[in-house]
Amino acid sequence: RWSFGPAYDVDCRVTPAETLIALGRGSGVSLLRFSRSDTAEFQLLSDINSAGLISRVRLDDTLLLVGTGAGVETYSISDERSPNLRSTLLTPLSDFAMRESLLYVMGYDDSFKIYSIADPANPRRVGACRDSGGPVALAGNTVFVGDRWGLYAIDVSNPANPHRVGSWGTFIISVEARGNICCVTEYVPDSVLFFVLD
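Here we summarise the structure given alongside this text.

1. Regarding the side chain of S132
1) Next: Inspection of the secondary structure assignment puts S132 in the loop between β12 (124-130) and β13 (136-139).
2) Next: Under the relative-accessibility criterion, S132 is labelled buried at 16%.
3) Next: Of note is the side chain of S132, whose polar atom sits 3.0 Å from the side chain of D147.
4) Next: Apart from residues no more than four positions distant in its own chain, S132 is found in contact with M106, D110, V145, D147 and Y152.

2. As for the side chain of S50
1) Next: In this fold, S50 is placed in the loop between β4 (42-49) and β5 (54-60).
2) Next: The class of S50 is buried, set by a relative accessible area of 13%.
3) Next: Among the polar contacts listed, one links the side chain of S50 to the backbone oxygen of G52, at a separation of 2.8 Å.

3. With respect to the pairing of β13
1) Next: The alternating pattern of β13 places V136 and L138 on one face and A137 and A139 on the opposite face, and all of these are buried.
2) Next: Note that β13 and strand β14 (residues 142-147) share four bridges and pair antiparallel. In the strand pairing of β14, A137 is matched with F144.

4. Describing the environment of L53
1) Next: Along the chain, L53 falls in the loop between β4 and β5.
2) Next: Along the backbone, L53 and Y8 are 45 residues apart, and their C-alpha atoms lie at a distance of 9.1 Å.
3) Next: If sequence neighbours within four positions are ignored, L53 has contacts with G26, S27, G67, T68 and G69.

5. Some details on the packing of aromatic side chains
1) Next: For the coordinates displayed, the defined rule picks out three aromatic pairs.
2) Next: Geometrically, the ring pair formed by F34 and F42 is tilted, given 5.5 Å between the ring centres and 45 degrees between the ring planes.
3) Next: Accessibility expressed as a relative area gives 26% for F34, which makes it partly exposed.
4) Next: One Lys or Arg, R164, reaches over the ring of Y152 and ends 3.6 Å from the middle of that ring.

6. A few points about unusual backbone geometry
1) Next: Despite not being glycine, F171 has its phi angle at roughly 40 degrees, a positive value.
2) Next: Locating F171 in the fold gives a position in the loop between β16 (163-168) and β17 (172-178).
3) Next: When its relative accessible area of 39% is taken as the criterion, F171 is described as partly exposed.

7. A word on the pattern of salt bridges
1) Next: Enumeration over the complete set of coordinates arrives at nine salt bridges.
2) Next: Between D131 and R164 there is a salt bridge whose closest N-O contact spans 2.5 Å. Taken as a pair, D131 in the loop between β12 and β13 and R164 in strand β16 lie far apart in primary sequence, 33 residues in all.
3) Next: The structure contains a network of salt bridges with shared partners spanning D9, R56, R58 and D95.

Rules and cut-offs
- Residues numbered from 1 in each chain as written.
- Predicted model: local features only at pLDDT ≥ 70, side-chain atom pairs only at ≥ 80, totals over all residues.
- Heavy atoms only, no water.
- Helix = DSSP H or I, 4+ residues; strand = E, 2+ residues; numbered from the N terminus.
- Buried < 20%, exposed > 50% of the residue type's maximum accessible area, 1.4 Å probe, protein only.
- Polar contact = N/O pair within 3.5 Å; in protein donor to acceptor, adjacent residues only side chain to side chain.
- Contact = heavy atoms within 4.5 Å.
- Pairing = 2+ DSSP bridges.
- Phe/Tyr/Trp six-rings, centres within 6.5 Å; stacked < 30°, edge-to-face > 60°.
- Lys NZ or Arg CZ within 6 Å of the ring centre and 35° of its normal.
- Salt bridge = Lys/Arg side-chain N within 4 Å of Asp/Glu carboxyl O.

In structure tokens, the structure reads:
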């Protein structure tokens, strides 16, 4: 039995033989391995100390991205026992999503930005637009951003020219999207409502 204290975010990479887990907690990330052939034991591979409190962790092949209020740190985890910091993208950060070599960042400074991380050591800004929000989810060519004023749909089909194409609801707490489905939680006085949107 393992105990790591409060966790703020988690992501995993699953293969037929094992699962790699990135557990964000406080200002640190623990990389854990769970082997399917073993008993239900986690193996602690490494601990990483980030520059601030962690809001989001994402695994992508041999990269680990760690979001803090100050930006996004990119680590090479080709050797999972010895993560190597490749770059620090200093940008105000509420949340981010990623797909392939593109990073979609919602800043608390009312800015939405898209960065290329094709070269992880040298992230490059591709496009931006003014918008506000917190939680970020990505489905197809649309990024969904939750805000206290609503859910915003941002068209990212041309990463150099992201722009809002729709909105829905009010006071969005969380958002997850996949395919044609977007799930949101919305705060209303004295309760939280769950919606599944097409």
